[in-house]
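# Remarks on the overall topology
Chain by chain, the residues:
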Amino acid sequence: MLSKGTTVLPVSFWAGGFLILCIGVMDDRSELSAIARLVGQLLAAGILIVPLAGSSIYVANMLPLALVATAAPILMIIAILFVVGLINSWNMIDGVDGLAGGCAATAIFWVTLISSWKGLEDLGLSSFVLLAAVCGFLLFNMRSRWLSRANIFLGDAGSTVLGATIAYLLITLSRQGEIAFPVLLWIVIVPVTDTISLIVRRLYAGRNPLTADRWHLHHLLLDQSYSQSTTTNIIVASSALCGSLGFIGLVVGVSNYAMTFGLIFPIAIHSAFVFAASATASNNKPRSVTVSQFNVVAPVLLRPEPTKSFGPSQQPTQPSPAILSDAV
């Protein structure tokens, strides 16, 4: 790729990706604040997107021609926010072995296939190389019959770089393939929907949207007694299915408006599951009991009767200080 001088991955891509990598490494090492991470990610996303100028997001015929030129700054801002959003989406789903890598592999697979279908050889080659690397990583990260638990992990550095790279590939595919950008959201709709759902629920609960919790989709599946492997397989399969629907829609020639509004269905299915799973989890929570709810029982004689004597063998034994007694 470097010998051919391909322009698919220019210097701005490597510079922005390296900055995201550095931020992730520092976060893995010393736990950066949410604000510091966000500022760094916005700067890196700007480095990735600004060199693309006004063509950062391709909307085809979804906007009137008179608005396309004037909407260029807005589209650039949307592209930057999309990169930052996907960076955090992949960081958030990286909570179960093989999940972030599996979803990345499905997304990159569809980017590779669509690029080949559109005749974009350089973009297809770049995506295929990344897909091979991710699949090699999954051999040591995804649980299987031969691997009971992960041997290596992405960390924040790996997951954030993956998210940024996938976002950049989608924007590039949209521009070079002249595919309306909202149509390509089918490829990443599962992690995007989970992230938006998390932010909305946290804000509704009056919490900081950047705080950690167990409201993620994979946590809800684990709370439904699914194993880690099954949870990963369900989410990865759902992501692959959505990507296939997007690809089929492109091949068949479904209108951009129909494909965009069709995104409501996976969002609705996700929302319905989250609502049902959250309700089940709330019902299964242990309820607090007040003192007044305890039944009154007769007092028990705690001291020995005066008429009864205890011999040496009858003295109550004291627990050894080195042994912890069972909690009451």
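This text gives an overview of the structure that appears in the document. The model shown is predicted, which means the values in this text are computed figures rather than measured ones.

The rules behind the values
- Residues numbered from 1 in each chain as written.
- Predicted model: local features only at pLDDT ≥ 70, side-chain atom pairs only at ≥ 80, totals over all residues.
- Heavy atoms only, no water.
- Axes fitted to C-alpha atoms, helices over the stretch in contact; angles between N-to-C directions.
- Helix = DSSP H or I, 4+ residues; strand = E, 2+ residues; numbered from the N terminus.
- Parallel < 35°, antiparallel > 145°, perpendicular 65-115°, else oblique.
- Left-handed = near helix turned anticlockwise from the far one by under 90°.
- Contact = heavy atoms within 4.5 Å.
- Nonpolar A, V, L, I, M, F, W, Y, C, P; charged D, E, K, R; others polar.
- Expected span 1.5 Å × (residues − 1).
- Buried < 20%, exposed > 50% of the residue type's maximum accessible area, 1.4 Å probe, protein only.
- Core = buried A, V, L, I, M, F, W, Y, C linked by side-chain atoms within 4.5 Å.
- Patch = residues over 30% accessible without salt bridge, like charges linked within 9 Å, V, L, I, M, F, W, Y side chains within 5 Å.
- Areas by Shrake-Rupley, 256 points an atom, 1.4 Å probe, with all protein chains shown as cover.
- Salt bridge = Lys/Arg side-chain N within 4 Å of Asp/Glu carboxyl O.
- Polar contact = N/O pair within 3.5 Å; in protein donor to acceptor, adjacent residues only side chain to side chain.
- Phe/Tyr/Trp six-rings, centres within 6.5 Å; stacked < 30°, edge-to-face > 60°.
- Lys NZ or Arg CZ within 6 Å of the ring centre and 35° of its normal.

This part covers the packing of helix 5 (residues 99-117) against helix 11 (residues 228-252). Running from N to C, helix 5 and helix 11 cross one another at 15°; their axes reach a closest spacing of 9 Å. The angle between helix 5 and helix 11 falls in the class roughly parallel. With respect to the hand of their crossing, helix 5 and helix 11 are arranged in right-handed fashion. Counted together, L99, G102, C103, T106, W110, L113, I114 and W117 of helix 5 and T232, I235, V236, S239, A240, G243, S244, F247, L250 and V251 of helix 11 form the full contact between these two elements. Split into classes, the residues belonging to the contact of helix 5 with helix 11 amount to twelve nonpolar, six polar and no charged.

Bringing helix 11 into the picture now. Taking 1.5 Å of rise per residue, 25 residues should cover 36 Å, and helix 11 covers 36 Å from first to last C-alpha, within 8% of that figure. Residues of helix 11 that are buried include every one of T231, T232, I235, V236, S239, C242, G243, S244, G246, F247, G249 and L250, and no others.

With that out of the way, let us pick up the nonpolar core. It is characteristic of soluble globular proteins that their nonpolar side chains tend to be buried jointly. Counting 70 residues, the largest nonpolar core has I49, V83, W90, I166, L170, I187 and V188 as its most contacted members. If we skip the residues at most four places from it in the chain, V188 touches F82, L86, W90, A107, I166 and L170.

This part covers a nonpolar patch on the surface. A cluster of nonpolar residues, L38, L42, I77, L81 and L210, forms a patch on the protein surface that exposes about 420 Å² of accessible area. At the level of secondary structure, the elements contributing two or more residues to the nonpolar patch comprise helix 2 (34-49) and helix 4 (72-93). In this fold, L81 is placed in helix 4.

Its place among the elements puts T172 in helix 7 (residues 155-177). Among the polar contacts made by the side chain of T172, one reaches the main-chain carbonyl oxygen of Y168 at a distance of 2.8 Å. Beyond its immediate sequence surroundings of up to four residues, T172 is in contact with L123 and G177.

Next up on the list: the packing of aromatic side chains. If you walk through the whole model with that rule in mind, you get six aromatic pairs. When the ring of F109 is compared with that of W110, the centres are 5.0 Å apart and the planes differ by 70°; the resulting orientation is edge-to-face. A relative accessible area of 37% places F109 in the partly exposed class. Aromatic rings pair up to connect F109, W110, W117 and F247 into one cluster. Positioned above the aromatic ring of W146, the side-chain terminus of R145 is 5.6 Å from the ring centre.

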